[in-house]
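One-letter residues, chain by chain:
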Amino acid sequence: MSISRPLPHDAAELHVTGQARYVDDIPVPADCLYLAFGLSTVAHGEITGLDLSEVRAAPGVLAVLSAEDFEHMPDCSPSAEDEPLLAVGKVHYVGQPVFLVVAESHLAARKAARLGRVDYRELPAILTIDEAMAAGSRFEAGPVTWSKGDAAKAIAGAARVIEGSIEIGGQEHFYLEGQAALALPQEGGDMIVHSSSQHPSEIQHKVAHALHAPMNAVRVEVRRMGGGFGGKESQGNALAVACAIAAARTGRPCKMRYDRDDDMVITGKRHDFRIDYRVGVEEDGRLRGVEFLQLCRCGWSQDLSLPVADRAMLHADNAYHIPDIRIESHRLKTNTQSATAYRGFGGPQGMLGIERVMDHVAAVLGRDPAEVRRVNFYEEAPGALPPDPRSTSPKKKAEVQSTPYHQPVEDFILHGLMARLEETSGYQARKAEIAKWNASNPVLKRGIALTPVKFGISFTLTHLNQAGALVHVYQDGSIHMNHGGTEMGQGLFRKVAQVAAAGFGVAPEMVKITATDTAKVPNTSATAASSGSDLNGMAVKAACDIIRGRMAAFLAERHQVAAEDVHFEEGRVFVGGADYAFAEVAKMVYEARISLSATGFYKTPKITWDRMNGSGRPFYYFAYGAAVTEVVIDTLTGENRILRTDILHDCGASLNPALDRGQIEGGYVQGAGWLTTEELVWDGKGRLTTHAPSTYKIPACSDRPGIFNVELWDGRNVEDTIYRSKAVGEPPFMLGISAFLALSDAVAACGDGSHYVSLDAPATAERVLAAVNRVRGDV
Amino acid sequence: MTYVLNLTINGAAQAIALDDPRVTLLDLLRERLHLTGAKKGCDRGQCGACTVLVDGRRINSCLTLAVSLDGVEITTIEGLAEGETLHPVQQAFIEHDGFQCGFCTPGQIMSAVGLIGEGQAGTDPERIREGMSGNICRCGAYHGIVEAVLDAQATFQDGVKRKTA
Ligand code: FES
Ligand code: FES
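Residues numbered from 1 in each chain as written. Chains lettered and ligands numbered in written order. Predicted model: local features only at pLDDT ≥ 70, side-chain atom pairs only at ≥ 80, totals over all residues. Heavy atoms only, no water.

### A word on the overall build of chain A
Helix and strand content of chain A: 19 helices and 29 strands. Computed over C-alpha atoms, the radius of gyration of chain A comes to 27 Å, within 12% of the 28 Å expected from 2.2 N^0.38 for 779 residues, which places it in the range of a compact globule. Principal-axis analysis of the C-alpha atoms places the extent of chain A at approximately 80 × 80 × 45 Å. Scored against the burial criterion, the 779 residues of chain A give a buried share of 63%. Across chain A, contacts joining residues at least 24 apart in sequence account for 80% of those joining residues at least 6 apart. Roughly 26,900 Å² of accessible area belongs to chain A as shown, and the carbon and sulfur atoms make up 51% of that amount. Looking at chain A, you have 78 positive and 95 negative side-chain charges, and the mean spots of the two groups are 2 Å apart. (Helix = DSSP H or I, 4+ residues; strand = E, 2+ residues; numbered from the N terminus. Rg over C-alpha atoms; globule rule 2.2 N^0.38 Å. Buried < 20%, exposed > 50% of the residue type's maximum accessible area, 1.4 Å probe, protein only. Contact = heavy atoms within 4.5 Å. Areas by Shrake-Rupley, 256 points an atom, 1.4 Å probe, with all protein chains shown as cover. Lys, Arg positive; Asp, Glu negative; His and termini not counted. Charge placed at Lys NZ, Arg CZ, Asp CG, Glu CD.)

### Side note on the environment of Arg572 of chain A
Residues and elements named next belong to chain A. In this structure, Arg572 sits in strand β22 (residues 572–575). Spatially, the C-alpha atom of Arg572 lies 17 Å from that of Val561, the residues being 11 residues apart in sequence. Not counting residues up to four positions away in its chain, the partners in contact with Arg572 are Gly505, His567, Asp579, Tyr580, Ala581 and Phe582. Here the side chain of Arg572 touches Asp579 through a polar contact of 2.6 Å, side chain to side chain. (Polar contact = N/O pair within 3.5 Å; in protein donor to acceptor, adjacent residues only side chain to side chain.)

### So, the interface of chain A and chain B
Opposite the 53 residues of chain A that make contact, chain B presents 41 residues. It is Val16, Leu176 and Cys701 of chain A in chain A that bury the most area against chain B; as a group they hold 20% of the surface buried on that side. Taken together, the links from chain A to chain B amount to six salt bridges. Where chain A touches chain B, the interface holds 20 residue pairs in polar contact (both at pLDDT 80 or more). Residue assignment for the side of chain A that touches chain B shows that the elements contributing at least two residues are α1 (12–16), α8 (260–266) and α17 (657–675) of chain A. Of all the elements, α17 of chain A adds the most residues to the side of chain A that touches chain B, at eight residues. (Buried area = accessible area lost by both parts, 1.4 Å probe. Salt bridge = Lys/Arg side-chain N within 4 Å of Asp/Glu carboxyl O.)

### Brief notes about a nonpolar patch on the surface
Residue and element names in this part refer to chain A. A grouping of Val443, Leu444 and Leu636 is seen on the molecular surface, where their side chains present a nonpolar patch of about 260 Å² in accessible area. Mapped onto the secondary structure, Val443 falls in the loop between α13 (427–439) and β16 (444–457). A relative accessible area of 34% places Val443 in the partly exposed class. (Patch = residues over 30% accessible without salt bridge, like charges linked within 9 Å, V, L, I, M, F, W, Y side chains within 5 Å.)

### A look at the sheet that holds strand β23 (residues 578–581) of chain A
Residue and element names in this part refer to chain A. Pairing within the open sheet is antiparallel, and its three strands lie in the order β21-β22-β23. Two strands bound the open sheet, and with one partner strand each, they are β21 (567–569) and β23. Taking each pair of neighbouring strands and ignoring which way they run, the sheet shows an average axis angle of 25°. Here β22 runs beside β23; their pairing, made up of four bridges, is antiparallel. Residue pairing in the sheet places Val573 in a bridge with Tyr580 of β23. Packing of helix α16 (residues 582–591) onto the sheet brings it into contact with β21, β22 and β23, and relative to β23 it is tilted by some 90°. (Pairing = 2+ DSSP bridges. Axes fitted to C-alpha atoms, helices over the stretch in contact; angles between N-to-C directions.)

### As for the pattern of salt bridges
For the structure shown, the criterion picks out 60 salt bridges over all chains. Notably, a salt bridge pairs Arg641 of chain A with Glu126 of chain B, separated by 3.8 Å at the nearest N-O pair. Taken together, the positions of Arg641 of chain A in strand β28 (residues 640–650) and Glu126 of chain B in helix α4 (residues 125–131) put the pair across two chains. Note on Arg641 of chain A: relative accessible area 38%, which makes it partly exposed. Residue Arg138 of chain B is joined to Glu678 of chain A by a salt bridge in which the shortest nitrogen-to-oxygen separation is 2.7 Å. Taken together, the residues Arg138 of chain B in the loop between α4 and α5 (142–164) and Glu678 of chain A in the loop between α17 and β29 (707–713) connect one chain to another. What makes Arg138 of chain B buried here is its relative accessible area of 4%.

### What to know about the nonpolar core
Counting 203 residues, the largest nonpolar core has Leu287, Phe292, Phe504 and Met551 of chain A as the members making the most contacts within it. Tallying contributions element by element places helix α15 (residues 532–559) of chain A first for this core, with 12 residues. Taken together, domain 1 (3–79) and domain 2 (88–157) of chain B each give at least three residues to this core, which thus spans both. Beyond its immediate chain neighbours, meaning those up to four positions away, Phe292 of chain A contacts Ile275, Asp276, Tyr277, Ala316, Ile325, Arg326, Ile327, Glu328, Gly353, Ile354 and Val357 of chain A. Residues Leu85, Ala208, Ile245 and Met256 of chain A belong to the second largest nonpolar core, which totals 40 residues. (Core = buried A, V, L, I, M, F, W, Y, C linked by side-chain atoms within 4.5 Å. Domains from an automatic or database assignment.)

### A few points about the environment of Leu33 of chain A
Residues and elements named next belong to chain A. Within the secondary structure layout, Leu33 lies in strand β1 (residues 33–39). As a C-alpha pair, Leu33 and Met538 span 505 residues in sequence and 41 Å in three-dimensional space. Look past the residues within four positions of Leu33 in its chain and what remains in contact with it is Leu62, Val102, Ala103, Glu104, Thr250, Arg252, Pro253, Cys254 and Lys255.

### Thoughts on the environment of Gly662 of chain A
For Gly662 of chain A, the position within the fold is in helix α17. With 171 residues separating them in the primary sequence, Gly662 of chain A and Gly491 of chain A have C-alpha atoms 9.2 Å apart.

### Some remarks on the packing of aromatic side chains
Aromatic ring pairs are described here by two measures, namely the spacing of the ring centres and the angle between the planes. Residue and element names in this part refer to chain A. As enumerated under the stated definition, the model contains 18 aromatic pairs over all chains in all. Aromatic pair Tyr320 and Phe377: ring centres 5.9 Å apart, planes at 15°, arrangement stacked. In this pair, Tyr320 sits in the loop between α9 (305–314) and β15 (324–333) while Phe377 sits in the loop between α11 (369–376) and α12 (414–425), placing the two residues 57 residues apart along the sequence. Judged by relative accessible area, which is 0%, Tyr320 ranks as buried. The exposure class assigned to Phe377 is buried, which follows from its relative accessible area of 4%. Look at Phe377 and Phe412: their rings are 5.5 Å apart centre to centre, the planes differ by 70°, and that puts the pair in the edge-to-face class. You can see Phe377 sitting in the loop between α11 and α12 and its partner Phe412 sitting in the loop between α11 and α12, a full 35 residues away along the chain. (Phe/Tyr/Trp six-rings, centres within 6.5 Å; stacked < 30°, edge-to-face > 60°.)

### Regarding the domain arrangement of chain B
All names here are of chain B. Entries for chain B in the domain assignment read domain 1 (3–79) and domain 2 (88–157). Placing the centre of domain 1 and that of domain 2 at their C-alpha centroids yields a distance of 21 Å. In this assembly, domain 1 packs against domain 2 so that about 1,200 Å² is buried in total across both faces, 60% of it on carbon and sulfur atoms. Residue Glu118 is joined to Arg58 by a salt bridge in which the shortest nitrogen-to-oxygen separation is 2.8 Å. Between domain 1 and domain 2 we count six residue pairs in polar contact (both at pLDDT 80 or more) in total. It is strand β3 (residues 51–54) that contributes the most residues to the side of domain 1 that touches domain 2, three residues altogether.

What follows is the structure in structure tokens.
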């Protein structure tokens, strides 16, 4: 059986030989044209003059387009239709595309784009969270507030009240392959688009809209991406639309690829946040009531900010049962890049808020942070799970506890999971040893932290939780499979091919993996929210079940047995004492004039969600995990490194343990990078000053923890997902929070414990040093 | 004015006419010779996706002007395997799952081949991590990458031992 096997990525051999093609590697016809945008240089302003004569005169330039060349400016937004392809009248951030150059070469287009002369009347720019709050600059009429119980009263009645605040920086995706698109005009005005996109259906929709054509005139193909991480959910729209428009106007193929600096300056990033908290807590660490104020910087257009901010609210509890809670969320509009989807989609920011609370509470009460976390965990639901001998859960109550948004937590496993990790990582003993070590080392200080993750799986926009697939069996027994998911390195194609192979009882090599194609499977959702294999795996299984059912019925009749008694295993089909090669059966079924092609469809059951009231069951299930990270800091410079990481993560019954481990390790490294070295800096004029890897520090091979133990929790999903597996794309990202709080622990070791020194994220060497000085009282 | 550049690329000697002295080796490979294995990740020497070997030494091809390379021997990812037989580093990357999206992979592999050739890293994971730190993997597949390099290194040492035995 192909399920649960650690098979390598689908295109492994192509990758290691350099044959795997990304958009920029696709051979183009000789008459291909290349595009580049001319960008805004001010954060907010009215365009008072636009002189593009030098651009037009530059060598190799065929056409230059700006607002005046469009009767209706095409829109590139995934939501609110507030993102014109090119600025109309006003610019809203530094880096906004103002005009489009079409030239004979990539270099010619880029060089010419620098020659544009734009005059602006500058308007006051709103850049920061504080400025936006002061100006009331926001999306939606006011803040969104969800609550359960009466937080203010609960806090007032608690033994202690703790207040604080944390700044949380954004994050550049830095998908190693930058944004790229290629449009190929076809007969009759049709368009084929190759795009590095997580959302081919949206590219199709946006391109069709821009060309004033029906969606059936546009076909979008995505074979693979060189990384996406959410940054290719909506940010590829502008390139695809620009290429399609230029291709339609010139009748020639058009390609566009952002150079790295342009990519970083133009495209949106992870939302940065400030989270203020007020917490009522008992002496044993139990939270009575919590109030969160989440301030979220969304940039100039709405993009996906509302669901991102929602998901931050939906993870404000992480793994903890908070009886009374109030969460207020402000979605602030600023003159910066439009913040967008990024792995975790707001969840990490919301989760960091409550994890900071845990850290703060433990420090104030002088308790072990792991213990404070444990006493606040949700209880394991009665009867939902087989009793777990490792569980340290207190006696079962009859009630299932529910989240701040009133979803019962029925699959909680963190009691057992965290206990096992504490044991395998030697957490308690190491904590004691570190304290001793710190006492005798004045310059270097070590720190350790254990943090859990509970992450909700499903798109919060309920209708997105659907998927389609198309499967053909050819008469030689080979299988062709297509589905709506896209491959960006997460191993989706391999996993889904394993599902198809298992469906027919054949080897995975029999299944051809093909590019995602809007002409084969229509109306797909973005490959996002970790949902890729959950949704597409089920859709492919449904299609395989249909075809296999037809094959079984045919053989059953011929052998006069029941269809259930026909078995597909190891490339053969067994029926009533006889057995055939799978290929033989395919041929017989074909000759009997029975269809060997089917579509499959899946929609996630059980979910309902009332966004306005913050109530319902937005998530089909939760994925869990926990990590212990140990760090060392140099108190003279603030420099630091991760010494050791231990992770125990829940993938349900893993479809492919090798790929899942890769997601866990990679997610952790990226999550730790977000909270430690990856710092985005804008200057007072709204210019992003960290627009290259030289100034924006992405974790390198040498930053990976020297000791890195990753284990999978051997469980099964209690919900009926594809072979009882769990989604794994996003949840491990938040394991990186343990690295941040380990740094906080090391900083605390520099003081006498009399006051809590809060560290903001990312905890760069500079911030760590400043915190050390504050905790020592020598600021 | 046109320059003629004599290069040996993946074993084949070529005379290449260049009309622009500012063309980088990466653009020459990708755009003119259609060898798209080497990738453009940053185009400014900071990510390693464009790594190739020049006379056996690893370089960032995006930072190297093609005209400066007259007479050298260049090996790209396309020239590493011998026919159907993968190079041991390529094989090791598959076995140890040394990638996710694969975009950094050609650069990682060329860098690993260069590192092993330099003979500096040996079997010390710490030094391999240092030696590979010029190649960013945003997917964070570093665990598999280091394992793959260690494994390939061992294969080479075995090979050398067997040859000298
Ligand atoms: S493309 Fe050459 S180092 Fe990044
Ligand atoms: S595998 Fe994606 S960047 Fe390395």
